[in-house]
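Here is how the chains run, residue by residue.
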Amino acid sequence: MSAAPALERPQVVSHAQQSLSYTVFDCKWVPRSARLLCLGSAARGTGVVQLYELRGARLELLREIEKPKPIKCGTFGATSLQQRYLATGDFDGNLHIWNLEAPEIPVYSVKGHKEIINSIDGVGGLGIGEGAPEIVTGSRDGTVKVWDPRQKDTPVANMEPVQGESKRDCWTVAFGNAYNQEERVVCAGYDNGDIKLFDLKTMSLRWETNIKNGVCSVEFDRKDINMNKLVATSLEGKFHVFDMRTQHPTKGFASVSEKAQKSTIWQVRHLPQNRDIFMTSGGSGSLHLWKYEYPAQRSKKDSEGSEMGVAGSVSLLQNVTLSTQPISSLDWSPDKKGLCVCGAFDQTVRVLIVTKLNKI
Amino acid sequence: MPLWLREHRWRQTLTHVYLSLPLRGARATPGSIFCSERYLKVSIPPFLFEAVLYAPIDDTNSTARIENGNIFFTLYKKEPAMWDSLTLENADKEKLQNLRENAVLKAHEKAKEEREAKKVTKEEHKKYALEATMKLEEAERKRIEDLKEKERQKVTEELELWRKQQKDADKYKSIHKEQELHQEIGQSKGRKNEKMNKTRILNEGTSQTRLKPTKGRGSCSMFSQNLKEEQLPAPRSAATIKVNFTPRVFPTALRESRVAEEEEWLHKQAEARRTISADLSELEDLKEEEKNPDWLKDKGNKMFAMGNYLAAVNAFNLALRLNKNLPLLYLNRAACHLKLRNLHKAIEDSSKALELLTPPVPDNESARVKAHVRRGTAFCQLELYTEGLQDYEAALKIDPKNRNIEKDAEKIRHLIQGTME
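Residues numbered from 1 in each chain as written. Chains lettered and ligands numbered in written order. Predicted model: local features only at pLDDT ≥ 70, side-chain atom pairs only at ≥ 80, totals over all residues. Heavy atoms only, no water.

(A) Region of interest: the overall build of chain B. The number of helices and strands found in chain B is 11 helices and 9 strands. A total of 421 residues make up chain B; the buried ones form 31% of that total. Within chain B, residue pairs in contact and separated by at least 24 positions form 51% of the contacts whose partners lie at least 6 positions apart. In the structure as shown, chain B presents an accessible area of about 29,300 Å², 53% of it carried by carbon and sulfur atoms. (Helix = DSSP H or I, 4+ residues; strand = E, 2+ residues; numbered from the N terminus. Buried < 20%, exposed > 50% of the residue type's maximum accessible area, 1.4 Å probe, protein only. Contact = heavy atoms within 4.5 Å. Areas by Shrake-Rupley, 256 points an atom, 1.4 Å probe, with all protein chains shown as cover.)

Written out as structure tokens, the structure is:
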């Protein structure tokens with residue numbers, strides 16, 4: 001293999017890493033800064049929030065905050081750029097919104113669920129998208145709830161199982177389609193392989209499907225546009241990319257699926273600066289960088305004349321193995337193209353730089 | 001007998017001996033010449049020429065040239081001296097033999113040495129080649145590493161630059177915000193009837209219930225936030241969406257690779273509960289679910305709850321015909337019989353249930369307690385108080401904390417004491 005062509009592909013360069021003394025479940029960049037947050041659970045059963053700043057090739061700890069319950073997930077998605085409040089979901093089912101300058105008392109707090117909140121997402125903040133700021137949480141108690149920080153105690157939308165139905169764990173949630181003030185969509189993935197798309201404008205179930213493996217992570221390529229693509233990753237190393245522009249009345253959305261590795265794909269994250277590039281993180285400690293290519297025609301007519309979507313293809317740009325333990329969380333920096341942070345179950349958080357993304 | 005070649009001619013100088021040997025038509029090859037320090041032999045079957053030389057020669061440098069049917073030897077003398085003759089004339093047979101053998105041995109040794117020398121050089125060459133390839137590969141690797149390092153450094157520098165920009169941008173923003181804040185305050189003070197003022201009052205009212213105002217940069221953002229807030233839509237009206245899940249028996253997550261195993265397990269479970277003796281002709285009329293003892297048990301329980309004890313007994317009877325080893329069926333039928341005042345049957349059923357509930361483990365505690373209590377009740381209603389008390393005490397032993405059982409046991413004791421007196 002000659003060296004010259006190999007280095008034209010994007011390289012994943014390890015820039016800095018930090019060993020932690022707790023299990024890290026989520027890591028997020030603080031918008032408009034070179035700081036990042038690590039959320040997790042300490043050995044004594046309390047929650048930990050640590051704020052690091054990237055200085056040179058090192059991470060410097062700026063603040064450490066301890067909370068009574070372990071924290072599973074967090075998002076900045078629903079706050080404004082000036083406030084930058086962090087919304088977290090913890091192991092007890094509580095949703096809190098914190099002001100990191102004064103973290104003793106939460107700005108908003110509600111016991112949203114009876115069991116652990118597995119996943120959280122926010123929309124309407126950070127100058128992205130339009131409409132009210134909202135936070136969605138998905139929990140092991142089988143419900144998905146949408147909260148508005150201006151309304152206390154009750155969710156503005158609640159997707160719960162029908163009476164008498166046995167519940168399934170909701171493992172992941174994501175917002176999408178927030179291109180104007182009224183439209184909004186929530187996608188939820190469950191452990192029995194269900195993916196459900198809820199339309200918040202009409203308060204109804206818009207689409208559902210089952211991908212035959214528990215769904216670990218779903219993400220739209222952009223929250224603030226007419227929904228374009230949805231990537232859903234699952235157990236057994238598979239992920240599906242759905243083309244969300246054309247919905248067929250019976251067949252739903254077209255999709256292409258890839259089997260990337262033998263182990264669970266824990267997370268998928270799209271590059272904020274290019275919505276056709278995304279990174280998946282796996283249970284074997286590896287990261288794969290993918291590019292989606294659109295087909296020549298995105299929709300075609302089927303035999304009855306209704307529009308049907310056509311899925312494109314996915315190609316692997318690069319892969320790298322960083323750890324022996326699963327990489328459970330991944331976040332791209334919205335400010336610097338190619339900068340990302342990942343947290344793994346070997347109690348390490350790593351800052352990586354992906355090069356040559358301009359040339360794709 | 002070989003033919004001896006004797007027509008050789010020779011001449012000598014101080015250092016050299018020149019020998020020419022006509023071959024008489026024979027074809028000579030280099031292999032046919034054998035030469036050592038004191039012995040020279042040319043053997044081309046059937047011809048043979050040999051000479052035991054007068055003095056030792058340097059056989060490595062001596063040459064032989066084959067041309068025109070002659071061999072020309074150029075022999076270098078070891079010691080520059082004039083030889084009396086080419087060969088040792090008056091050598092006896094033995095000496096000649098010895099010399100011949102020595103010569104052969106020496107030749108062998110020389111050959112061996114040469115071979116070894118060759119081997120050694122070959123090895124050295126190999127080693128050298130290997131080292132050379134290794135060096136090349138090393139160089140290649142290093143080149144790639146350097147390229148990667150360069151990338152890394154470039155990227156790190158860019159990052160630093162960007163960070164500095166961020167810091168500067170932040171500073172600039174905060175200064176800018178302060179200026180804006182001053183402007184806004186100035187403006188709003190100046191106008192009383194303007195819309196902005198009204199909304200500010202309104203928003204201040206709501207904001208107090210909403211957030212604690214944050215200090216410094218936060219407070220100026222509150223103003224701009226409030227102005228923006230009237231552009232944000234109101235919170236959505238709350239609604240619920242009911243969800244159905246793809247059914248799954250197991251509480252664990254769905255994995256494709258496990259689906260086959262799970263199906264097999266479920267199948268086996270269903271088989272185990274199904275009737276084995278399906279040759280009862282009446283059973284052909286029944287629907288699939290009515291052949292399932294679990295379903296029948298549930299039906300029986302429902303009937304009992306509704307007060308229809310005879311129907312409940314029927315259900316349990318059918319269930320027991322399908323599977324006579326489920327203790328719960330006997331237990332529940334005993335309860336029905338109690339209600340129907342079929343006391344002997346109640347006793348029978350509770351006893352059967354207790355039999356099936358061996359071994360006595362914590363898991364079937366509650367079932368055993370119930371069995372004892374029911375049997376005890378039946379005995380008491382038959383006025384067999386001592387047997388009844390025995391059962392109640394057994395029940396108490398399993399579950400000492402149950403107040404009802406204690407009370408009933410006390411009552412029975414009193415009754416017994418009462419009748420005895």
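(B) The arrangement of the UniProt feature "repeat: TPR" (unreviewed entry) in chain B in detail. Taken from the UniProt record, the annotation "repeat: TPR" (unreviewed entry) applies to residues 369–402 of chain B. Across residues 369–402 of chain B one finds 79% helix and 0% strand; the C-alpha atoms that close the span lie 10 Å apart. (UniProt positions renumbered as here; feature names shortened; annotations may be inferred.)

(C) Summary view of the sheet that holds strand S29 (residues 339–344) of chain A. All names here are of chain A. Across the sheet, which stays open at both edges, the 4 strands sit in the order S1-S30-S29-S28 with antiparallel pairing between neighbours. For this open sheet the edge positions go to strand S1 (12–19) and strand S28 (327–332), each flanked by a neighbour on one side alone. This sheet shows a mean twist of 20 degrees between the axes of neighbouring strands, independent of strand direction. Across 7 bridges, S1 lies against strand S30 (residues 348–354) in antiparallel orientation. Within S30, the position partnered with valine 12 by the bridge is valine 354. (Pairing = 2+ DSSP bridges. Axes fitted to C-alpha atoms, helices over the stretch in contact; angles between N-to-C directions.)

(D) Summary view of the environment of leucine 159 of chain B. Mapped onto the fold, leucine 159 of chain B is located in helix H1 (residues 93–190). What makes leucine 159 of chain B buried here is its relative accessible area of 4%. Those residues in contact with leucine 159 of chain B that lie beyond four places of it in its chain are His15, Leu54, Lys336, Leu339 and Ile353 of chain A.

(E) Representation of unusual backbone geometry within the structure. Residue and element names in this part refer to chain A. Despite not being glycine, asparagine 177 has its phi angle at roughly 60 degrees, a positive value. With respect to the helices and strands, asparagine 177 occurs in the loop between strand S14 (170–176) and strand S15 (185–190). Residue lysine 356 is not a glycine yet carries a positive backbone phi of 65 degrees. Looking at where lysine 356 falls in the secondary structure, it is placed in the segment after S30. In this structure lysine 356 comes out as buried when scored by relative accessible area, which is 16%.

(F) Local environment of the UniProt feature "repeat: WD" (unreviewed entry) in chain A. Per the UniProt record, the feature "repeat: WD" (unreviewed entry) sits at residues 135–148 of chain A. Summarising residues 135–148 of chain A: 0% helix, 64% strand, and an end-to-end C-alpha distance of 6 Å.

(G) Representation of helix H8 (residues 343–356) of chain B. Residue and element names in this part refer to chain B. Taking 1.5 Å per residue as the helical rise, H8 with its 14 residues ought to reach 20 Å, and the 20 Å between its terminal C-alpha atoms agrees with that figure. All buried positions along H8 are accounted for by Leu343, Ala346, Ile347, Asp349, Ser350, Ala353 and Leu354. Buried residues along H8 sit in contact with helix H7 (327–339) and helix H9 (365–381). (Expected span 1.5 Å × (residues − 1).)

(H) Looking closely at the interface of chain A and chain B. Listed per partner, the contact involves 71 residues of chain A and 52 residues of chain B. Here chain A packs against chain B, burying approximately 5,200 Å² in sum over the two surfaces, 55% of which is carbon and sulfur. For glutamate 134 of chain A, the salt bridge is made with arginine 236 of chain B, and the minimal N-O distance between the two is 2.8 Å. Our count for the chain A to chain B interface comes out at 26 residue pairs in polar contact (both at pLDDT 80 or more). Looking at the side of chain A that touches chain B, the elements with two or more residues in it are S1, strand S4 (47–55), strand S13 (157–161), strand S16 (194–199) and strand S17 (204–210) of chain A. Tallying contributions element by element places S13 of chain A first for the side of chain A that touches chain B, with 5 residues. Residues of the side of chain A that touches chain B, tallied by class, amount to 25 nonpolar, 22 polar and 24 charged. (Buried area = accessible area lost by both parts, 1.4 Å probe. Salt bridge = Lys/Arg side-chain N within 4 Å of Asp/Glu carboxyl O. Polar contact = N/O pair within 3.5 Å; in protein donor to acceptor, adjacent residues only side chain to side chain. Nonpolar A, V, L, I, M, F, W, Y, C, P; charged D, E, K, R; others polar.)

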